[in-house]
Amino acid sequence: MIPQSVQLRSSGEGKSLSHPVGQERAHGHAGNRLLAALPSDVMAGLNDDLHLVSLASGTVLFEPGDAIEQVYFPQSGLISLMVITRDGDAIATGTIGREGAVGLHRGLGKRRSFSRATAQVAGHVWVIAASKFELAIGASTAARDVICDYTELLWAESQQLAACNAVHDAASRLCRSLLQSADRAGSDQLPLTQEALANALGVRRTSVTLLAQGLQKKGVIRYARGMIHILDRSRLEACACECYQVMKGEGLSDAIGARTSRR
Ligand SMILES: [Zn+2]
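In this text, all values refer to a predicted model and were calculated from it rather than measured experimentally.

The rules behind the values
Each chain carries its own residue numbering, running from 1 in the direction its sequence is written. For a predicted model such as this one, the threshold for reporting local features is a pLDDT of at least 70, and the threshold for listing and counting side-chain atom pairs is 80 or more; totals across whole chains, interfaces and linings nevertheless cover every residue. Computation of side-chain values covers all heavy atoms of the structure but excludes hydrogens and water. Helix and strand assignments follow DSSP, with helices taken as H or I runs no shorter than four residues and strands as E runs no shorter than two, numbered in order from the N terminus. Exposed residues in this analysis have more than 50% of their type's maximum accessible area, buried residues have under 20%, and partly exposed residues fall in between, with area computed by a 1.4 Å probe over protein chains only. It only takes one pair of heavy atoms within 4.5 Å for two residues to be counted as in contact. Note on areas: Shrake-Rupley, 1.4 Å probe, and residue coverage restricted to the protein chains presented here. By convention, a stacked pair of Phe, Tyr or Trp rings (six-membered ring in the case of Trp) has centres within 6.5 Å and planes under 30 degrees apart, an edge-to-face pair has planes over 60 apart, and any other such pair is tilted. Each axis is a line fitted through C-alpha atoms, and for a helix only the stretch in contact is used; angles between axes span 0 to 180 degrees, taken between their N-to-C directions. Any angle from 65 to 115 degrees is called roughly perpendicular, while one under 35 is roughly parallel, one over 145 is roughly antiparallel, and all others are oblique. Left-handed describes a crossing whose near helix is turned anticlockwise from the far helix through less than a right angle; right-handed describes the clockwise counterpart. For this scheme, ten residues count as nonpolar: Ala, Val, Leu, Ile, Met, Phe, Trp, Tyr, Cys and Pro. Four count as charged, namely Asp, Glu, Lys and Arg, and the remainder, Gly too, count as polar. A donor here means any N, O or S atom no more than 2.8 Å from the metal (3.2 Å for Na, K and Ca); water is not included, so a site may seem to lack partners. Nonpolar core, defined: a set of buried Ala, Val, Leu, Ile, Met, Phe, Trp, Tyr and Cys residues in which side-chain atoms within 4.5 Å join the residues together. Residues are said to line a cavity or pocket when one of their atoms sits within 4 Å of a point; the points come from a 1 Å grid over protein atoms alone, cavities being sets where a 1.4 Å probe fits but cannot get out and pockets being open sets with protein on both sides within 12 Å along at least five of seven lines. Grid points are joined across faces, edges and corners, and a volume is the space filled by probe spheres set on the points. Two strands form a pair only when DSSP identifies at least two bridges running between them.

Peer 1: Explanation requested: the overall build of the chain in the structure shown.
Peer 2: Along its length, the chain carries 10 helices and 12 strands. Sorting the 263 residues of the chain into buried and exposed places 48% on the buried side. Long-range pairs, those at least 24 residues apart, make up 74% of the contacts in the chain between residues at least 6 apart in sequence. Only carbon and sulfur atoms are counted for the fraction: they give 51% of the accessible area of the chain, which is about 12500 Å².

Peer 1: Help me out: how do you make sense of the packing of aromatic side chains in this one?
Peer 2: Aromatic ring pairs are reported here in terms of the distance separating the ring centres and the angle at which the planes meet. Considering all chains together, one arrives at 2 aromatic pairs under this definition. Judged by centre distance (5.8 Å) and plane angle (65°), the ring pair of Phe73 and Phe133 falls under edge-to-face. Of this pair, Phe73 sits in strand 5 (residues 70–74) while Phe133 sits in helix 3 (residues 130–138), and the two are 60 residues apart along the sequence. The class of Phe133 is buried, set by a relative accessible area of 0%.

Peer 1: Can you walk me through the packing of helix 5 (residues 170–185) against helix 6 (residues 194–201) in this structure?
Peer 2: Each pair of packed helices gets described by two things: the angle between the helix axes and the distance between those axes. Axis separation between helix 5 and helix 6 bottoms out at 10 Å; the angle between their running directions is 110°. What the angle tells us is that helix 5 and helix 6 run roughly perpendicular. Viewed along their axes, helix 5 and helix 6 form a crossing whose handedness is right-handed. Residues Ala170, Arg173, Leu174, Ser177 and Leu178 of helix 5 form the contact with helix 6, whose own contacting residues are Leu197, Ala200 and Leu201. Per-class residue counts for the contact of helix 5 with helix 6 are 6 nonpolar, 1 polar and 1 charged.

Peer 1: So what exactly am I meant to see when it comes to the coordination of the zinc ion here?
Peer 2: Octahedral metals with six donors have ideal donor angles of 90 or 180 degrees. Tetrahedral metals with four donors have an ideal donor angle of 109.5 degrees. The protein atoms donating to the zinc ion are Cys164 (SG), His168 (ND1), Cys241 (SG) and Cys243 (SG), with metal-donor distances spanning 2.2 to 2.3 Å. Every donor residue of the zinc ion comes from the same chain, spaced as C-x3-H-x72-C-x1-C. Taken together, the residues span a long stretch of sequence, with His168 in the loop between helix 4 (141–167) and helix 5 and Cys243 in helix 9 (residues 243–247) at a distance of 75 residues. Of the two residues, His168 and Cys243, both sit in the buried class.

Peer 1: Just checking my understanding: could you explain the environment of Lys110 for this structure?
Peer 2: As for its placement among the helices and strands, Lys110 is situated in the loop between strand 7 (90–96) and strand 8 (116–121). With relative accessibility at 72%, the residue Lys110 sits in the exposed group. Separated by 41 residues in sequence, Lys110 and Glu69 place their C-alpha atoms 8.6 Å apart.

Peer 1: Looking at this structure, I do not really get the nonpolar core. What am I missing?
Peer 2: Soluble globular proteins tend to pack their nonpolar side chains together in the buried interior. Counting residues in hydrophobic clusters, the biggest one holds 35 residues, and the most contacted among them are Leu38, Leu46, Leu50, Phe73, Ile79, Leu104 and Phe133. When residues no more than four places from it in sequence are discounted, the contact partners of Ile79 are Leu55, Leu61, Pro74, Gly94, Thr95, Ile96, Val102, Ala117, Thr118, Ala119 and Gln120. If you look at the next biggest cluster of nonpolar residues, it comprises 24 residues, including Leu179, Leu192, Ile228 and Ile230.

Peer 1: Teacher, can you tell me more about the layout of surface pockets here?
Peer 2: Where empty space is left can be seen by rolling a probe of water-molecule size over the atoms. Its boundaries defined by the atoms lining it, the largest pocket holds a volume of some 950 Å³. Lining the largest pocket we find 47 residues, and of these Leu81, Thr93, Gly94, Ser115 and Ser158 sit closest to its centre. Here the element with the most residues in the lining of the largest pocket is helix 4; it accounts for 9 residues. Counted by class, the lining of the largest pocket contains 24 nonpolar, 16 polar and 7 charged residues.

Peer 1: What is the right way to read the pairing of strand 6 (residues 78–84) from this model?
Peer 2: The side chains of a regular strand alternate, first on one face of the sheet and then on the other. Most of strand 6 is tucked away: 5 of the 7 residues are buried. What sits between the antiparallel neighbours strand 6 and strand 7 is a turn of 5 residues, in which Gly88 has the positive phi angle 95°.

Peer 1: What's the story with the pairing of strand 8 in this structure? I'm lost.
Peer 2: The buried count for strand 8 comes to 5 of 6 residues, which makes it a mostly enclosed element. Pairing of strand 6 with strand 8, which is carried by 5 bridges, proceeds in the antiparallel orientation. Its bridge partner lying in strand 8, Leu81 is registered against Ala117.

Peer 1: When you look at helix 6 in this model, what are you seeing that I'm missing?
Peer 2: Residues separated by three or four positions in an α-helix point in the same direction, a consequence of the helix having 3.6 residues per turn. Along helix 6, the positions that sit buried rather than exposed are Ala196, Leu197, Ala198, Asn199 and Leu201. Following helix 6 by one or two positions, Gly202 adopts a phi angle in the positive range, close to 70°.

Peer 1: Even after reading the chapter, I still don't get the sheet that holds strand 12 (residues 227–230), so can you show me in this structure?
Peer 2: What links the strands of a sheet is backbone hydrogen bonding, and the strands pair in either a parallel or an antiparallel sense. Within the open sheet, the 3 strands sit side by side as 10-12-11. Their pairing is antiparallel. In this open sheet, the two edge strands, each paired with only one partner strand, are strand 10 (189–190) and strand 11 (221–224). Where strand 11 lies against strand 12, 4 bridges are found, and the strand directions are antiparallel. Residue pairing for strand 12: Ala224 is matched across the bridge by Met227.

See below:
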């Protein structure tokens, strides 16, 4: 059963798009690296309150200004964080997959979401009521350290992305974005629409089409009907801007001396 507190919204018709997935419990790492990084005694206290749900593409977890009432730990799929302009444009400012969590800083106290969090790629996420998560985290210094490290990593990544958007061309940013999405979703097949890619890069859809066609002609990707298949990862890495390597693996955590990493 999904707890009553879990209220998920669709960006389309406003109906719930979540479904409980069996009676699984978050034993061990459960496919999410942040859950795996939490101390075992904290996880033992969280297990009964963590529920695995499936998210359809387009499900909205938070709107800007929403109180954070649940914390989400993806096991698969991809969550996009988007800043919404006054004109209603949505610009993707980050992606979170199985390496991270959405709303994690709520473990430190009551918070509101700054951005819109949307399921970009359908998948399964562990969800827990924020009040229960805060209670468990409050008793563990080690668990609070995990949250602080992860929050610092997101902050560092935001700085890198700001520089990337300012100085790197759209073609190399597209390659960087595809590689990061594949790493975080755990798949080289990505159901990403032109609109999603345009939002991620801050360019027009027609530009995305031309860029994707260019990569397809080189045999790097295959792109059809909103599905991208990465065919040649090494060439995609060669075409990506330096930011992919900076943010990949342990690079960012090593750079700032964090104990946990985003990879
Ligand atoms: Zn870059």
